[in-house]
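An overview of the molecular structure
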Amino acid sequence: AQKITQTQPGMFVQEKEAVTLDCTYDTSDPSYGLFWYKQPSSGEMIFLIYQGSYDQQNATEGRYSLNFQKARKSANLVISASQLGDSAMYFCAMREGQGNFNKFYFGSGTKLNVKP
Amino acid sequence: DGGITQSPKYLFRKEGQNVTLSCEQNLNHDAMYWYRQDPGQGLRLIYYSQIVNDFQKGDIAEGYSVSREKKESFPLTVTSAQKNPTAFYLCASSTPGRGTSDTQYFGPGTRLTVL
């Protein structure tokens, strides 16, 4: 089974509007972390936001928020007030681990295009 | 500035050649990782290292080798045994834990092309 599933290969959003990128995960580890990364055309993976499995509140970082629904095993990224510079690939990732090593699993990504 | 550097940015390899990709970090992170990314795909783990002089195979280690002689450095060698090495290679580092401290931070990547 896929550990991380991103079902939207591509998305379009109008500038200044909000957009939600979907991510579902699969783990039996009670302690895990969920991450979102942005990958612009230059290739570098830029960390955006983190949500811990025990966190009671949804994580927020500026225009980014993570809609964490634990029972549904979903961790959707919400970008508010989209900007042209938000056009990029977005990857959802999960960290699970036992002991000292934490393995990361990445989804296949969603390509976001922001239209002017 | 703290961060991860990778060199070179672009690398061209002839058939049958071994090439080494450099990865250096000054974040004082214990763990380092190498990922491969093919066009339109996610990341696949090649090798990882939790501490100096120790490393483990990831999901696609065949045709690759690594070393971890210093905490700051984790070079990846793409050997001639790797039949399809053309890809984008990303190095990452983290401090393993259970909170935000184990976020993986990435270098800018190396794009390898086989001629």
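The present account deals with the structure reproduced in this document.

1. Overview of the state of the cysteines
What we call a disulfide is simply a covalent bond connecting the sulfur atoms of a pair of cysteines. Summed over all chains, the structure comprises two disulfides over all chains. There is a disulfide in this structure between Cys23 of chain A and Cys92 of chain A, and the S-S distance comes to 2.0 Å. Here the disulfide of Cys23 of chain A and Cys92 of chain A is left-handed, its torsion about the S-S bond being about -65°. Of this pair, Cys23 of chain A sits in the loop between strand E3 (19-21) and strand E4 (24-25) while Cys92 of chain A sits in strand E10 (residues 88-98); the two residues are 69 residues apart in sequence, bridging distant segments of the chain. A relative accessible area of 0% means that Cys23 of chain A is categorised as buried. There is a disulfide in this structure between Cys23 of chain B and Cys91 of chain B, and the S-S distance comes to 1.9 Å. Handedness of the Cys23 of chain B-Cys91 of chain B disulfide follows from its S-S torsion of about -75°: it is left-handed. Of this pair, Cys23 of chain B sits in strand E3 (residues 19-25) while Cys91 of chain B sits in strand E9 (residues 87-94); the two residues are 68 residues apart in sequence, bridging distant segments of the chain.

2. Looking at the nonpolar core
Residues and elements named next belong to chain A. Counting 25 residues, the largest nonpolar core has Tyr25, Trp36, Ile49, Leu77, Tyr90 and Leu112 as its most contacted members. When residues of this core are assigned to their parent elements, the largest contribution, four residues, is made by E10. Beyond its immediate stretch of four places on either side in the chain, Tyr25 contacts Lys3, Ile4, Tyr32, Leu34, Phe68, Gln69, Lys70, Lys73, Ser74, Ala75 and Met94.

What counts and what doesn't
In every chain, residue numbers begin from 1 and rise along the written sequence. Chains carry letters and ligands carry numbers; both start at the beginning, A for chains and 1 for ligands, and go up in the order they are written. For a predicted model such as this one, the threshold for reporting local features is a pLDDT of at least 70, and the threshold for listing and counting side-chain atom pairs is 80 or more; totals across whole chains, interfaces and linings nevertheless cover every residue. Excluded from the side-chain calculation are hydrogens and water; included are all heavy atoms of the structure. Cysteine sulfur atoms are paired as a disulfide whenever they fall within 2.5 Å. Secondary structure follows DSSP: runs of H or I at least 4 residues long count as helices, runs of E at least 2 residues long count as strands, and numbering of each begins at the N terminus. Burial classification: accessible surface area is computed with a 1.4 Å probe over protein chains only, and a residue below 20% of its type maximum counts as buried, one above 50% as exposed, and the rest as partly exposed. What we call a nonpolar core is a set of buried Ala, Val, Leu, Ile, Met, Phe, Trp, Tyr and Cys residues that are connected through their side-chain atoms within 4.5 Å. Here, two residues are considered to be in contact whenever any of their heavy atoms come within 4.5 Å of each other.

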